[in-house]
Amino acid sequence: MLILGIESSCDETAFAVVENGTRVLSNAIASQIELHARFGGVVPEIASRAHLECSVPLYHEALRDAGVSIDDIDAIAITAGPGLAGCLLVGVEFGKALALRHGKPLVAAHHIAGHLYSVYLGRERNAWGTETGAAPEPCEPYVALVVSGGHSSLVLVRDFGKYEVLGETLDDAVGEAYDKVAKLLGLGYPGGPLMDKFAATGNATRFDLPRPLLHKGEFNFSFSGLKTAVSREVEKFRAEHSDGAPLPDDFVADMAASFQAAAVEVLVEKAARAMKKHRVHRLAVTGGVACNRGLRAAVATRFPNAQIGIPAPEYCTDNAAMIAGVGFQLYQQGRRSDLALNATPGMGLY
Ligand code: KG4
Ligand code: ZN
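If you're wondering where the values come from, they're calculated on a predicted model, not measured in any experiment.

Enquirer: Which parts of the structure should I look at to understand the site of ligand 1?
Expert: Close to ligand 1 lie 19 residues; Gly 149, Asp 179, Asp 196, Gly 288 and Asn 292 are nearest. A distance of 3.2 Å separates an oxygen atom of ligand 1 from a polar atom in the backbone of Gly 150. The separation between an oxygen atom of ligand 1 and a polar main-chain atom of Gly 288 is 3.0 Å. Burial of ligand 1 by the surrounding chains reaches 89%, relative to a free accessible area of 550 Å².

Here it is in structure tokens:
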């Protein structure tokens, strides 16, 4: 069975073709990073316009890369929420138009359900190490840490579609905090990958930064206090060195390492507690921040006996293959949407 996935909830336009919910035949993505970089964050109006411009070429690219035509596609899966309203609408309307024109069934997918599903994707093997191609072998239950620029959630996946959100961020998402701290340190946008690079050479004990909610708030997170603590250290340093020069590399590296140590400790400890409480031995880490080397290393060290599923980087960041995967599961369950489908920016995970 071939599903065409469409994703446009934030700043990536993506179309993908996935076979039987696991084998990715194509994964076409247009990132808008350069368009938003000079604003230091995603500008919704610019993002929606870019989705409009990219959708037709990416749709053709996804079919071409997969070596199929629209006639071969069994169903179309679209991210209906959560996300930016104007951005979601582009994908939803595009998918509806395709469904109407070609007489294809339509399935609405939840963006976070996509990130949770991404551990099942791969050309040959998935993040659990299972061969892809046939329908996914159940690996539930697992605890998932969904960490990106827009989300920081800890979710218990009991079965496909049976999710329990254990905790979420009360303020900034962890990727957002990475980006804001990178900005304070004079690095570019998005800051996460640059922080990762600097952190690798820095001294993580130079700055004693807080571990927000480490012993409170059960499974919820908070990262804005951590960002404020960095901001205070930067101000202090600048006041002591009032020469107006850019921050020295050793300060930036040590701060990136100290920030990363604090953020990663909270993420990993909360995941550990969630696994213990629910007696689960599998942990999935997905979303853009799952690419972070410090987080990957900490997870490997902290859970030597657990089964860890971290998707390949192209399935960690926003993509349409994960949406096609969710679409496959929903389609198998007989779930269909009609042409009244609308974007739901605040869609809950249920
Ligand atoms: O999943 P994603 O592409 O889009 C969202 O849904 O937000 O995640 C992007 C986020 C950005 O905040 C980016 O800075 C962060 O993931 N990120 C990283 C790394 N690579 C991407 N953060 C830390 N370390 C990285 N290596
Ligand atoms: Zn996402």
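Don't stop here, the text continues.
Enquirer: What is the right way to read the sheet that holds strand β1 (residues 2-7) from this model?
Expert: Consider a sheet: its strands pair through backbone hydrogen bonds, and that pairing is either parallel or antiparallel. Taken together, the five strands give an open sheet; going across it, the order is β3-β2-β1-β4-β5, and neighbouring strands pair in mixed fashion. Taken across any chain shown, the strands that pair with only one partner, and hence form the sheet edges, are β3 (23-31) and β5 (106-110). The average undirected angle you get between the axes of adjacent strands in this sheet is 20°. Examined bridge by bridge, strand β2 (residues 12-19) and β3 share eight bridges and lie antiparallel to one another. In the sheet register, Ala 14 faces β3, and the bridge partner there is Ile 29.

Enquirer: What exactly am I supposed to notice about the coordination of the zinc ion (ligand 2) here?
Expert: Put simply, the ideal angle at a metal is 109.5 degrees for four donors in tetrahedral geometry and 90 or 180 degrees for six donors in octahedral geometry. For the zinc ion (ligand 2), the full set of protein donor atoms is His 111 (NE2), His 115 (NE2), His 151 (NE2) and Asp 318 (OD), and the range of their distances to it is 2.1 to 2.6 Å. Here the donor residues for the zinc ion (ligand 2) map to a single chain with the spacing H-x3-H-x35-H-x166-D. Taken as a pair, His 111 and His 115 lie in helix α4 (residues 111-117) at a separation of four residues, close to a single helical turn. Grouping residues by exposure puts His 111 and His 115 together as buried.

Enquirer: Just to check I follow, could you spell out the pattern of salt bridges for this structure?
Expert: Opposite charge on two side chains makes pairing possible when the charged atoms of those side chains draw close. Using the criterion set out here, one finds 15 salt bridges in the structure. The salt bridge partner of Arg 23 is Glu 19, with a shortest N-O separation of 3.9 Å. Between Lys 180 and Glu 176 there is a salt bridge whose closest N-O contact spans 3.3 Å. Residue Lys 180 and its partner Glu 176 are both found in helix α5 (residues 174-184); the two are separated by four residues, about one turn of the helix. Overall, the relative accessible area of 32% leaves Lys 180 in the partly exposed class. Taking relative accessible area as the criterion, Glu 176 reaches 27% and is therefore assigned partly exposed. When salt bridges with common partners are traced through the structure, they connect Asp 172, Glu 176, Lys 180 and Lys 227 into a single cluster.

Enquirer: Can you walk me through the packing of aromatic side chains in this structure?
Expert: We describe a pair of aromatic rings using the distance from one ring centre to the other and the angle between the two ring planes. In the structure shown here, the tally under the stated rule is 10 aromatic pairs. Where Phe 15 meets Phe 94, the ring centres are 5.3 Å apart and the plane angle is 75°; that geometry is what we call edge-to-face. Of this pair, Phe 15 sits in strand β2 while Phe 94 sits in helix α3 (residues 85-102); the two residues are 79 residues apart in sequence, bridging distant segments of the chain. Per residue, the accessibility class of Phe 15 equals that of Phe 94, and both read buried. With 5.3 Å between their ring centres and 65° between their planes, Trp 128 and Tyr 142 make a pair best called edge-to-face. Of this pair, Trp 128 sits in the loop between α4 and β6 (142-147) while Tyr 142 sits in strand β6, and the two are 14 residues apart along the sequence. Exposure class is identical for Trp 128 and Tyr 142. Each is buried. In textbook terms, an aromatic cluster arises when at least three aromatic residues are bridged by ring pairs, as seen for Phe 15, Tyr 59 and Phe 94. Over the ring of Phe 303 we find Arg 302; its NZ or CZ atom is 5.7 Å from the centre of that ring.

Enquirer: It is not clear to me how the environment of Asn 292 should be interpreted in this structure. Could you clarify?
Expert: Within the secondary structure, Asn 292 sits in the loop between β9 (282-286) and α9 (293-302). For Asn 292, a relative accessible area of 5% corresponds to the buried category. Between the alpha carbons of Asn 292 and Ala 204 there is a distance of 15 Å; along the sequence they are 88 residues apart. The residues touching Asn 292, leaving out its near neighbours within four places in the chain, are Tyr 178, Asp 196, Gln 260 and Val 264.

Enquirer: Help me understand the sheet that holds strand β8 (residues 162-168), please; the structure alone is not making it clear to me.
Expert: With mixed pairing, the five strands of this open sheet are ordered in space as β8-β7-β6-β9-β10. Edge strands, defined here as strands with exactly one partner in the open sheet, are β8 and β10 (307-309). Direction aside, the axes of adjacent strands within the sheet are offset by 20° on average. As paired elements, β9 and β10 share three bridges and run parallel to each other.

What counts as what
- Residues numbered from 1 in each chain as written.
- Chains lettered and ligands numbered in written order.
- Predicted model: local features only at pLDDT ≥ 70, side-chain atom pairs only at ≥ 80, totals over all residues.
- Heavy atoms only, no water.
- Near = heavy atom within 4 Å.
- Polar contact = N/O pair within 3.5 Å; in protein donor to acceptor, adjacent residues only side chain to side chain.
- Areas by Shrake-Rupley, 256 points an atom, 1.4 Å probe, with all protein chains shown as cover.
- Pairing = 2+ DSSP bridges.
- Helix = DSSP H or I, 4+ residues; strand = E, 2+ residues; numbered from the N terminus.
- Axes fitted to C-alpha atoms, helices over the stretch in contact; angles between N-to-C directions.
- Donors = N, O, S within 2.8 Å, 3.2 Å for Na, K, Ca; no water.
- Buried < 20%, exposed > 50% of the residue type's maximum accessible area, 1.4 Å probe, protein only.
- Salt bridge = Lys/Arg side-chain N within 4 Å of Asp/Glu carboxyl O.
- Phe/Tyr/Trp six-rings, centres within 6.5 Å; stacked < 30°, edge-to-face > 60°.
- Lys NZ or Arg CZ within 6 Å of the ring centre and 35° of its normal.
- Contact = heavy atoms within 4.5 Å.

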